[in-house]
2 protein chains.
Amino acid sequence: RPVCHTKPQPGNRESVGCLYSCAQCSLGGVLIAMDTAPWALDEKPEHEEVCEFRPYTCPCPGATCKWHGSLEAVMPHLMHAHKSITTLQGEDIVFLATDINLPGAVDWVMMQSCFSHHFMLVLEKQEKYEGHQQFFAVVLLIGTRKQAENFAYRLELNGNRRRLTWEATPRSIHDGVAAAILNSDCLVFDTSIAHLFADNGNLGINVTISMC
Amino acid sequence: RPVCHTKPQPGNRESVGCLYSCAQCSLGGVLIAMDTAPWALDEKPEHEEVCEFRPYTCPCPGATCKWHGSLEAVMPHLMHAHKSITTLQGEDIVFLATDINLPGAVDWVMMQSCFSHHFMLVLEKQEKYEGHQQFFAVVLLIGTRKQAENFAYRLELNGNRRRLTWEATPRSIHDGVAAAILNSDCLVFDTSIAHLFADNGNLGINVTISMC
Ligand SMILES: [Zn+2]
Ligand SMILES: [Zn+2]
Ligand SMILES: [Zn+2]
Ligand SMILES: [Zn+2]
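Notes on the structure in this doc start here. The shown structure was predicted, so the numbers you read here are calculated from the model rather than taken from an experiment.

1. Regarding the interface of chain A and chain B
- Listed per partner, the contact involves 28 residues of chain A and 28 residues of chain B.
- Summed over both sides, the interface between chain A and chain B buries roughly 2,300 Å², with carbon and sulfur atoms accounting for 44% of that surface.
- Counting the contacts that link chain A with chain B gives 4 salt bridges.
- A salt bridge links B:Asp185 to A:Arg162, with the shortest nitrogen-to-oxygen separation between them at 2.6 Å.
- Linking chain A to chain B there are 14 residue pairs in polar contact (both at pLDDT 80 or more).
- Looking at the side of chain A that touches chain B, the elements with two or more residues in it are strand 8 (117–129), strand 9 (132–141), strand 11 (162–168), strand 13 (187–190) and helix 5 (191–197) of chain A.
- The element best represented in the side of chain A that touches chain B is strand 11 of chain A, accounting for 7 residues.
- Among the residues making up the side of chain A that touches chain B, the classes are represented as 12 nonpolar, 8 polar and 8 charged.

2. Describing the pattern of salt bridges
- Using the criterion set out here, one finds 12 salt bridges over all chains in the structure.
- Here A:Asp175 ties to A:Arg145 by a salt bridge, and the two come within 2.8 Å at their closest N and O atoms. One end of the pair, A:Asp175, is in the loop between strand 12 (171–172) and helix 4 (176–182); the other, A:Arg145, is in helix 3 (residues 145–148), with 30 residues separating them in the sequence.
- By sharing partners, the salt bridges in this structure join A:Arg154, A:Glu156, A:Arg163 and B:Glu167 into a single network.

3. Quick word on the layout of surface pockets
All names here are of chain A.
- Space inside the second largest pocket adds up to approximately 420 Å³.
- Taken together, 27 residues make up the lining of the second largest pocket; nearest its centre are Cys58, Pro59, Cys60, Pro61 and Val177.
- Elements with a contribution of two residues or more to the lining of the second largest pocket: strand 7 (106–114), strand 8 and helix 4.
- Of the residues forming the lining of the second largest pocket, the biggest block, 4 residues, is contributed by helix 4.

4. Things to note about the environment of A:Ile100
Residue and element names in this part refer to chain A.
- Structurally, the position occupied by Ile100 is in the loop between strand 6 (92–97) and strand 7.
- The class of Ile100 is buried, set by a relative accessible area of 1%.
- Along the primary structure Ile100 and His195 are separated by 95 residues, whereas in three dimensions their C-alpha atoms are 9.1 Å apart.
- Setting aside anything within four residues of it in sequence, one finds Ile100 in contact with Trp108, Lys125, Phe135, Ala194, Ala198, Gly201 and Leu203.

5. Details of the relation of the copies chain A and chain B
- Once chain A has been moved 0.0 Å along the axis and rotated by 180°, it coincides with chain B to within an RMSD of 0.0 Å. This pairing of chains is accounted for by a two-fold axis. For chain A, the minimum C-alpha distance to the rotation axis belongs to A:Thr165 and amounts to 2.4 Å.
- Counting the interface residues of chain A, we find that 100% of their copies in chain B are interface residues as well, pointing to one common contact surface.

6. Here's the deal with the coordination of the zinc ion (ligand 2)
All names here are of chain A.
- Donor atoms from the polypeptide that coordinate the zinc ion (ligand 2) comprise Cys58 (SG), Cys65 (SG), His77 (NE2) and His82 (NE2), at 2.0 to 2.3 Å from the metal.
- Its 4 donor atoms give the zinc ion (ligand 2) angles of 102 to 118° at the centre, a pattern that matches the tetrahedral case.
- Here the donor residues of the zinc ion (ligand 2) are spaced in sequence according to C-x6-C-x11-H-x4-H. On the criterion of sequence distance, the pair formed by Cys58 in the loop between strand 3 (56–57) and strand 4 (68–69) and His82 in the loop between helix 2 (74–81) and strand 5 (87–89) is long-range, its members being 24 residues apart. Per residue, the accessibility class of Cys58 equals that of His82, and both read buried.

7. Observations regarding the side chain of B:Asp185
- Within the secondary structure, B:Asp185 is located in the loop between helix 4 (176–182) and strand 14 (187–190).
- Separated by 2.6 Å, the side chains of B:Asp185 and A:Arg162 make a polar contact.

8. Points about the sheet that holds strand 15 (residues 203–211) of chain B
- Overall, antiparallel pairing links the 8 strands, which are arranged 6(A)-14(A)-10(A)-11(A)-12(B)-11(B)-15(B)-7(B) in an open sheet. At either end of the open sheet lies a strand with only one pairing partner, and these are strand 6 of chain A together with strand 7 (92–97) of chain B. Direction aside, neighbouring strands of the sheet carry axes that sit 20° apart on average.

9. Description of helix 2 of chain A
Residue and element names in this part refer to chain A.
- For helix 2, the complete set of buried residues consists of Val74, Met75, His77 and Leu78. On an axial view of helix 2, the arc spanned by its buried residues comes to 160°, and they lie on one face. Exposed residues lying more than 90 degrees from the buried face of helix 2 are Met79 and His80.

Reading guide: rules and limits
- Counting restarts for each chain, with residues numbered from 1 along the sequence as it is written.
- Written order determines the labels here, with chains lettered from A and ligands numbered from 1.
- Predicted model: local features are reported for residues with pLDDT of at least 70 only, side-chain atom pairs are reported and counted for 80 or more only, and whole-chain, interface and lining totals are derived from all residues.
- Computation of side-chain values: all heavy atoms of the structure, hydrogens and water removed.
- Here, two residues are considered to be in contact whenever any of their heavy atoms come within 4.5 Å of each other.
- When two parts are put together, the accessible area they lose, computed with a 1.4 Å probe and summed over both, is reported as buried area.
- By salt bridge we mean one thing: a side-chain nitrogen of Lys or Arg within 4 Å of a carboxyl oxygen of Asp or Glu.
- Within 3.5 Å is the distance limit for a polar contact, defined as a pair of N or O atoms, with the added protein rule that one can donate a hydrogen and the other accept it, and that residues adjacent in sequence qualify only through two side-chain atoms.
- Here a helix means four or more residues in a row that DSSP labels H or I, a strand means two or more in a row labelled E, and each is numbered from the N terminus.
- Classification convention: Asp, Glu, Lys, Arg as charged; Ala, Val, Leu, Ile, Met, Phe, Trp, Tyr, Cys, Pro as nonpolar; all other residues, Gly among them, as polar.
- With a 1 Å grid spanning the protein atoms alone, the term cavity applies to any set of points in which a 1.4 Å probe fits but cannot get out, the term pocket to an open set with protein on both sides within 12 Å along at least five of seven lines, and the term lining residue to any residue with an atom within 4 Å of a point.
- Grid points are joined across faces, edges and corners, and a volume is the space filled by probe spheres set on the points.
- Each residue is assigned to one of three classes by its accessible area relative to the maximum for its type, calculated with a 1.4 Å probe on protein chains only: buried under 20%, partly exposed between the two thresholds, exposed over 50%.
- Residues reaching a pLDDT of at least 70 in both copies supply the C-alpha atoms on which the copies are superposed by least squares.
- Donor criterion used throughout: N, O or S atom within 2.8 Å of the metal, extended to 3.2 Å for Na, K and Ca. Water excluded; incomplete-looking sites may result.
- Here the metal geometry follows the donor angles, with tetrahedral for four donors whose angles all fall between 85 and 135 degrees, square planar for four and octahedral for six when opposite donors are more than 155 degrees apart and every other angle is between 65 and 115, and irregular for all the rest.
- By the convention used here, strands pair only if DSSP detects at least 2 bridges between them.
- Interaxial angles span 0 to 180 degrees and are taken between N-to-C directions of axes, which are lines fitted to C-alpha atoms, for helices over the stretch in contact.
- Think of it as the arc spanned by the lines of direction from the helix axis to the C-beta atoms.

Below, the structure is given as structure tokens:
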């Protein structure tokens, strides 16, 4: 809980020092500069949400698995509890989502291993806006945010004289899929576009990971 | 109007010869193979919709201009009646859409000249699905469908460690913007994505035309 010792000055939006205490890391009773106005901290305890020492939850979309643990335990968890997820080796692979016309909200998940790291590829079909189904595709690193910044990924849909490409930095599984979808900070396309690129209800997404 | 001399056979979906008459071109009383079932022709006179000899309408989006004429007359019409549309020369230009946060349905239009042809660049903001505003960007050739097939275009949004790219064949102005948007056969992105790439409410789209 942040404790603010600065009296709020109406209209003052500058950073100020606040006495802040995090249960997960070493920020206990430390005076730190917060980049939000101090009187907003109670509604938005930003540090706790992004704290690197917060336990990792299971990165599988859908949130049916309640597992959480350390970063090192994530891959063993996935291999034991989510055996159905296939893994492909290499920087440049094809993520084949089958039966994209299945009704309702659907997730497709696979793992890609390269550069001595594991990446989770997620395609999610959902109605972010009522009555308008969309697909969201994103790459997560099984790693910290800082590690993720060393990589870039490219998702590519290839069709008949058409190509749609999204290039970005992988998300850390600490942020998760939901945050990327909420901000549309991923490859977003609707069902008409999916049909332009799908073949017999199957959609191939070319995924390329690179170091930067 | 197509006139069918083949008695419909229930369940028979094969192509058959039909006596077809088009007011715009030479297809008058010609027996041609239609690729739809003959008894569906009255509801969907496909040829007339796509006939290359149909007069061209003004390609400006919004449909407030009622002009129509021959293909050769389109550019003179644009230059005289739509003086506010700017033209940039070159295969690789930046289409700068200003004030993308303007409320309601908005169009941004400009011309690009290269390879001895004129291309119309259109960015349209509209609610294709109620309550969900989206942007649609497409390149049209001031020319026939056959001419358009000789070209490819690339639209690129560049942001902070993010890039969204759409590559396709330009549309002929004979098809128009509305058809591309209806099929999502264009660069489609929502307002959250626009904000990821916009700078101070202005969105720069890199447009590259190439011959193929
Ligand atoms: Zn902490
Ligand atoms: Zn799990
Ligand atoms: Zn005709
Ligand atoms: Zn006009």
